[in-house]
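Each chain is listed here by its residues.
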Amino acid sequence: MDRMLAERILAASGAKKASLVLKHARVVNVFTAELEDGDIAIEDGYIVGVGDYEGQTEVELGGAVVCPGFIDGHIHLESSMVAPGEFERSVVPHGTQAVITDPHEIANVAGTEGIRFMMDRTRGLTLDVYFMLPSCVPATGLDESGAVLGAEALSPLYEEDRVLGLAELMNSYGTVKADRGILEKVEEARNRSLLIDGHAPGLSGRELNAYVTAGVQSDHECSDAEEAVEKLRRGQWVMIREGTAARNLKALLPLFQEPYYHRCMLVTDDKHPGDLIRLGHLDYIIREAISQGADPVHAVMMGSFHPAMYFGLREVGAVAPGYKANLMVVSDLKEFVVKQVYKNGKLVAENGVMKKEILAAEQRSVETPARVGDSFHLDEIRPEDFHVEKTGNTVRVLCLTPGELTTWEKLAPWVENQGVAPGVSIEQDIVKMAVLERHHNTGHRGLGFLGGYGLKRGAVATSIAHDSHNLIVAGTSDEDMALAANTVRNNRGGLAVVADGKVLGELPLPIAGLMSEEPAEWVDEKLEELKILTRDLGIGDSIDPFMTLAFASLPVIPRLRLNTYGLIDVEKQEITDTIISCI
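Residues numbered from 1 in each chain as written. Predicted model: local features only at pLDDT ≥ 70, side-chain atom pairs only at ≥ 80, totals over all residues. Heavy atoms only, no water.

With that settled, consider the side chain of Asp270. With respect to the element layout, Asp270 can be found in the loop between β13 (264-267) and α9 (273-278). Among buried charged residues, Asp270 stands out as having no salt bridge; its nearest opposite-charge side chain is Arg241, 5.9 Å away. Among the polar contacts listed, one links the side chain of Asp270 to the side chain of Ser79, at a separation of 2.4 Å. (Helix = DSSP H or I, 4+ residues; strand = E, 2+ residues; numbered from the N terminus. Buried < 20%, exposed > 50% of the residue type's maximum accessible area, 1.4 Å probe, protein only. Lys, Arg positive; Asp, Glu negative; His and termini not counted. Salt bridge = Lys/Arg side-chain N within 4 Å of Asp/Glu carboxyl O. Polar contact = N/O pair within 3.5 Å; in protein donor to acceptor, adjacent residues only side chain to side chain.)

This is how it looks when you write it as structure tokens:
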């Protein structure tokens, strides 16, 4: 007989005092979408009752609201720019108790070694970390990454007990054309009865039907309610994303209402450390949604119970008998300030800080593979590597869309002004952009022009360039671009800001060129210093200078991108080398 189960039953029936009782709570009931008054009895890490209870230990809540722990249904831990332990320390005090991560950032750099590194670094944390296996390494055949992962390479990883399925199927274009390589990965997940997540911005009509027919069950790329509702009608779950670069909450607020909210959940996708520290994680999304008129109980359900249902996570996502005592105490359902966080019935964070004894118990060493710790392989960069020869009168410009990941294209006249590289026009907000292959030292590089970035002098470089994470640099002069690129190269990855031949600031990210081992606060401080420097160089407050630049090379989000192969027409899935035309 399971003695602990017997003890839980006895505590639930009142035959014995529960080990812990949270007295006089207002419980968010995710089954009936209402607030319920009562005590919460906890035994052996499980909730055993909501009602009138006495406990060996009692904590008076005085009518404070208790919610189930949050679950982020789609995130890339690498995008936090800190190691998993530091990520945990940043989000658990905000009520996040589980995340489902897609490690495709590090997989694009270091293949299965990178995935296993992340699995090792997340094992045994207070934060529960589940994995969806990267489906697109690289994102498409029109990208150049450090590894290529087919179905055969992924297959052994499904044996890991924290793997829940196949991650975002970004190559929607290939999927709807029944690409053989993609279908091999899809069939593996389907044969194992596992989930397949989606990534299909703008997909509609028959193409959406084809995508869902393949078995894709969710989408986190909806930018307006109309697109989201169409995907809901086709049976998909919609992940409402509010991260650092992509912020879709405001446009998707109608989904917090009947009948839509039942198949919606909240996700962050990519989140920088400063946003996590100062604003919060899923609790921030809920506060924002409430302030804009969303039903707070619906919002809590979308951040907890709904992802638990979608991912098949039993025993979490609710404050009810038989569920793990993973919960949080919040001030109220308006300000929504997380006061205390309990994991398996133990207090693990209070007033925004994790308990020191919890952190001390989790400190452990994991060896960093060479492919992860030494991932930069390219020769020193020269200014002439960025030279663009004039062959016509018009420049094709990849233009950013404020607040979105989509881009658009415009034609601009070729100009030559003193003090900037040919083709660059400060007046028209056009700078030069380059993406250099950094995994295999192929020497491949794509050159083009970027609009709407705001940079007026100097250069910005980063090794975070989704999803293949080559070296990306934007600037007004070839000399500054070379200096910025070499600074990142010499640091084995990271960010750099330069101007007038001087390095103004840098942030080394030696873990695969994506993450730092330093504390989140240190990384945040350095990142904020770099952002201030970019503001001084002309980039406006409405643009995250690094996150925005990082997506300018991703060839699966419309319309135009630039990577190591050159300009990519995303909708046609074609390389278009022409950056200057005679029009």
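Pairing is antiparallel in the open sheet, where 3 strands are placed in the order β26-β27-β28. With one partner strand each, in any of the chains shown, β26 (560-563) and β28 (574-576) form the two edges of the open sheet. Each adjacent strand pair in this sheet contributes to an overall mean axis angle of 40°, direction not counted. Bridging between β26 and strand β27 (residues 566-569) involves 4 bridges; their strand directions are antiparallel. Residue pairing across strands places Leu562 opposite Leu567, the latter belonging to β27. (Pairing = 2+ DSSP bridges. Axes fitted to C-alpha atoms, helices over the stretch in contact; angles between N-to-C directions.)

A cluster of acidic residues, Asp52, Glu54, Glu58 and Glu60, forms a negative patch on the protein surface. Secondary-structure assignment places Glu60 in strand β4 (residues 55-60). (Patch = residues over 30% accessible without salt bridge, like charges linked within 9 Å, V, L, I, M, F, W, Y side chains within 5 Å. Areas by Shrake-Rupley, 256 points an atom, 1.4 Å probe, with all protein chains shown as cover. Charge placed at Lys NZ, Arg CZ, Asp CG, Glu CD.)

Turning next to the sheet that holds strand β8 (residues 128-133). In spatial order, the strands read β6-β7-β8-β9-β10; together these 5 strands make up an open sheet with parallel pairing. At either margin of the open sheet sits one strand with a lone partner, and together these are β6 (70-75) and β10 (195-198). Neighbour-to-neighbour, the strand axes of the sheet open up by a mean angle of 30°, direction not taken into account. For strand β9 (residues 163-169) and β10, the ladder comprises 3 bridges, and the chain directions are parallel. Each bridged residue has a counterpart across the sheet, and for Leu166 the counterpart in β10 is Ile196. Set on the sheet, helix α10 (residues 282-291) makes contact with β6 and β7 (96-101); between it and β6 the angle comes to about 100°. (Contact = heavy atoms within 4.5 Å.)

A few words now on the pattern of salt bridges. In the structure shown here, the tally under the stated rule is 34 salt bridges. Its salt-bridge partner being Asp385, residue Arg382 comes within 3.0 Å of it at the nearest N-O pair. Judged by its relative accessible area of 46%, Arg382 falls in the partly exposed class. Where Lys432 meets Asp478, a salt bridge forms, and the shortest distance between an N and an O atom there is 2.9 Å. Here Lys432, found in strand β20 (residues 430-436), pairs with Asp478, found in helix α15 (residues 478-490); they are 46 residues apart in sequence, far enough to count as distant. Per residue, the accessibility class of Lys432 equals that of Asp478, and both read buried. Bridged by salt links that share partners, the residues Arg278, Asp524, Glu528, Lys531 and Asp544 form one connected network.

Moving on: the packing of aromatic side chains. Two measures describe an aromatic ring pair: the distance that separates the ring centres and the angle between the ring planes. Going through the model one piece at a time under the given rule, you end up with 6 aromatic pairs. Measuring from ring centre to ring centre gives 5.2 Å for Phe31 and Phe305, while their planes differ by 75°; the resulting arrangement is edge-to-face. Pair noted here: Phe31 is in the loop between β1 (18-29) and β2 (34-43) and Phe305 is in helix α12 (residues 305-311), with a separation of 274 residues, a long-range link. Ring geometry for Tyr310 against Phe311: centres 4.7 Å apart, planes inclined by 80°, an arrangement best described as edge-to-face. With respect to burial, Tyr310 and Phe311 carry one shared label: buried. One aromatic cluster in this structure is built from Phe31, Phe305 and Tyr323. A cation over an aromatic ring shows up here: Arg8 above the ring of Tyr46, its NZ or CZ 4.3 Å from the ring centre. (Phe/Tyr/Trp six-rings, centres within 6.5 Å; stacked < 30°, edge-to-face > 60°. Lys NZ or Arg CZ within 6 Å of the ring centre and 35° of its normal.)

Moving on to the nonpolar core. Within the largest apolar cluster, 152 residues are counted, with the highest numbers of intra-cluster contacts made by Ile240, Phe256, Phe386 and Tyr453. The greatest single-element share of this core, amounting to 8 residues, is contributed by helix α3 (residues 104-122). In terms of domain composition, this core takes at least three residues from each of domain 2 (68-316) and domain 3 (375-580). Apart from the residues within four sequence positions on either side, Phe256 is in contact with Ile240, Leu249, Tyr261, Leu266, Ala289, Ala294, His298, Ala299 and Met302. (Core = buried A, V, L, I, M, F, W, Y, C linked by side-chain atoms within 4.5 Å. Domains from an automatic or database assignment.)

This brings us to the UniProt feature "domain: Adenine deaminase C-terminal" (unreviewed entry) in the protein. Those residues carrying the UniProt feature "domain: Adenine deaminase C-terminal" (unreviewed entry) are residues 406-573 in this numbering. Helix makes up 20% of residues 406-573 and strand 30%. Its end C-alpha atoms lie 15 Å apart. (UniProt positions renumbered as here; feature names shortened; annotations may be inferred.)

On to α10, then. Most of α10 is tucked away: 7 of the 10 residues are buried. Those residues of α10 not exposed but buried are Leu282, Asp283, Tyr284, Ile285, Ile286, Ala289 and Ile290. Buried-residue contacts for α10 involve β6, β7, β13, α11 (296-302) and β15 (338-343). Among the residues trailing α10, Gly293 stands out with phi positive, at a value near 105°.

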